[in-house]
Amino acid sequence: MSDKKQASLLVQGYEVVIGFETHAQLATNSKIFSRAPTAFGAEPNTQACAVDLALPGTLPVMNREAVAHAIRLGLALGSHIAEQSVFARKNYFYPDLPKGYQISQFEIPVVQGGKVSFFLGDEKKTVRLVRAHLEEDAGKSLHEDFIGQSGIDLNRAGTPLLEIVTEPDIRSSAEAVAYAKELHKIVTWIGICDGNMQEGSFRCDANVSVRKPGAPLGTRREIKNLNSFKFMQQAIDYEIRWQIEQIEDGFEIQQATVLFDPDTGETRAMRTKEDAADYRYFPDPDLPPLVIARSWVDEVKAGMPELPRQMAERLVADYGLPEYDATTLTQSPAMAAYFETAAKASGQAKMASNWIMGEVSRRLNNEEKDIAQVPVSADTLAALLKRIADGTVSNNAAKQVLDHLWQPKAAELIIGDSIQEVTDGIQALSALRLVDAVIEAKGLKQMNDSGALEKIIDEVMAANAPMVEQYRAGKDKAFNALVGMVMKASKGKANPQQANELLKKKLG
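So, on to unusual backbone geometry. Peptide bonds are trans in most cases, and residues, glycine excluded, mostly fall at negative phi. Notably, Asn45 is not glycine yet its phi reads approximately 65°, a positive angle. Here Asn45 is to be found in the loop between strand E1 (15-25) and helix H2 (64-76). Judged by relative accessible area, Asn45 falls into the partly exposed class, the value being 37%.

Here 3 strands make up an open sheet; going across it, the order is E5-E4-E16 and the pairing antiparallel. Two strands bound the open sheet, and with one partner strand each, they are strand E5 (101-105) and strand E16 (282-283).

Buried residues of helix H14 (residues 431-441): Ala431, Leu434, Val435, Ala437, Val438 and Ile439, and no others. At the exit of H14 stands Gly443, carrying a positive phi of roughly 60°.

When the pLDDT values of the protein chain are averaged, the result is 89; 94% of them are 70 or greater. This model gives residues 417-428 a pLDDT under 50, and the stretch forms 12 contacts once residues within four places in sequence are excluded.

Let's shift gears to the layout of surface pockets. The volume enclosed by the second largest pocket comes to roughly 1200 Å³. Elements that contribute at least two residues to the lining of the second largest pocket include exactly strand E7 (115-120), helix H3 (173-189), helix H8 (323-329), helix H9 (333-346) and helix H10 (349-366). Sort the elements by how many residues they give to the lining of the second largest pocket and H3 lands first, with 9 residues. Taken together, the residues that form the lining of the second largest pocket break down as 16 nonpolar, 9 polar and 7 charged.

Let us now look at the pairing of strand E8 (residues 123-136). Along a regular strand, successive side chains alternate from one face of the sheet to the other. In the sheet, strand E6 (residues 111-112) pairs with E8 via 2 bridges, with the strands oriented antiparallel. From the neighbouring strand, Val111 faces E8, where its bridge partner is Ala132. Pairing geometry for E7 and E8, over 6 bridges, is antiparallel. When the bridges of E8 are listed, Phe118 appears paired with Lys125. From the end of E7 to the start of E8, which pair antiparallel, there are 2 residues, and Gly121 there has a positive phi angle of about 70°. One ladder, built from 7 bridges, connects E8 with strand E11 (residues 160-166); its direction is antiparallel.

When two helices pack together, their arrangement is given by the angle between the helix axes and by the axis-to-axis distance. Where helix H15 (residues 450-463) contacts helix H18 (residues 496-507), the axes come no closer than 10 Å and their chain directions differ by 55°. Taken together, the axis directions place H15 and H18 in an arrangement best described as oblique. In the packing of H15 onto H18, the handedness of the crossing is right-handed. Only Gln498, Ala499, Leu502, Leu503, Lys506 and Leu507 of H18 make contact with H15, whose side of the interface consists of Ser450, Leu453, Glu454, Ile457, Asp458 and Met461.

Looking at where Val86 falls in the secondary structure, it is placed in the loop between strand E3 (84-85) and strand E4 (87-91). We classify Val86 as partly exposed; its relative accessible area is 22%.

Here we come to the environment of Gly358. Counting through the fold element by element, Gly358 comes out in helix H10. When the C-alpha atoms of Gly358 and Lys504 are compared, they prove to be 32 Å apart, with 146 residues separating the residues in sequence.

Counted under the stated rule, the structure contains 26 salt bridges. A salt bridge links Glu323 to Arg309; the nearest nitrogen and oxygen atoms lie 2.2 Å apart. Residue Glu323 is located in helix H8, and its partner Arg309 is located in helix H7 (residues 308-319); the two are separated by 14 residues in the primary sequence. Relative accessible area serves as the criterion here: at 28%, Glu323 is assigned to the partly exposed category. Between Arg363 and Asp403 there is a salt bridge, and its shortest N-O distance comes to 2.5 Å.

Procedures and definitions
Residues numbered from 1 in each chain as written. Predicted model: local features only at pLDDT ≥ 70, side-chain atom pairs only at ≥ 80, totals over all residues. Heavy atoms only, no water. Helix = DSSP H or I, 4+ residues; strand = E, 2+ residues; numbered from the N terminus. Buried < 20%, exposed > 50% of the residue type's maximum accessible area, 1.4 Å probe, protein only. Pairing = 2+ DSSP bridges. pLDDT = per-residue confidence, 0-100. Contact = heavy atoms within 4.5 Å. 1 Å grid on protein atoms, 1.4 Å probe; cavity = no way out; pocket = protein on both sides within 12 Å on 5 of 7 lines; lining within 4 Å. Points joined across faces, edges and corners; volume = space filled by probe spheres on them. Nonpolar A, V, L, I, M, F, W, Y, C, P; charged D, E, K, R; others polar. Axes fitted to C-alpha atoms, helices over the stretch in contact; angles between N-to-C directions. Parallel < 35°, antiparallel > 145°, perpendicular 65-115°, else oblique. Left-handed = near helix turned anticlockwise from the far one by under 90°. Salt bridge = Lys/Arg side-chain N within 4 Å of Asp/Glu carboxyl O.

This is the structure in structure tokens:
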């Protein structure tokens, strides 16, 4: 890293060092060591069986699908998938941990190494992974519903998790959020986690420390359970400022686990941070080593989808898209598929990219919907793009067409037929016919009659003789004003390029 770039990353002369631990809840129907269901939102303690309650005589049995999900992640991140890994008991007491220990992996995890690459602006970043290990979740303590007491809900106890641990490679809160978003995209893309942060399916812990450049690593504080990207950035930024202030005031940083309070925007210490020795790890005697045959890895690999990074590279190669567009369009499989359909059907890849990232995404964001809920099919968007490309409508008129297409029962409103009479509604109409019908019904067709346009230009020039003289005297701004008047006089139907050319010709 150059000295200039290094200096730009410093905060008040300190280098920020961040490592991440992310708990991804695996999308299995049952728990990692029992047959109890994992569905969210059930009444407390209705999804906890004898194994989850740690009743005497119960034994854990490994969930095969949870292992398959771990293999998928390892393949997606270029990790080594251990042929043999070991489960350990992580000992600590907490009321919502019935056994008094958590079954996890420690010395020999199932997924080892790997990396996550992403773009921060135009710069490519890579964060190395230490491991991803399988473990069970604990239950949940409920404090709000009981006066002077706490309730225990064990529905989550035994829910399968993959804990994904990075090296301390992250150097800013913006980089941390970009990493978390990329990891979130990967686990949802390959179908191992639903990624719902509000429900706790994707929880991030950030280990934050600061140091003077070149100095040994500082003492870290772990911010637990960050469940939104917005809060993640706020929490890390606050923690960085707090640690620097403490050091500058002559205090030492104490290793601790802290929580972020969104109401105050501050972190507060919850407990002193435990190290591995505090947990007294030892191999779980009830679980034999987990053995993964290479044939199983090959079987899982054969069913893997095209990964987002690979797809982005293909979109650049096949469609000539900029890297930024390709990365944005591969935020989800649904968005990538929508783009490819629109690009192929229209023959206008870059225009399709611009409209999906611009007009389509803007409308979806305003309605708090995702691309899977878009009311305009990719084929219909492609038809609209064709009409822009062939000069039938201007770009601004096309936005009005999209507004009309966005409405429920657009075919019924525009064509004037009942949905039943149009057989299967919008789908029964060709996309091009529907777009043409909207253009015709709303009078949005672009004027391409040069004779009619010349007449409008003559009238505008005659009514604005001083401005014509200003242009001829060398004032270019006058030309733009005249073009605007021509477009207004044509009610926006003039072809802007044609209007520019004819006006320049007449002005000499």
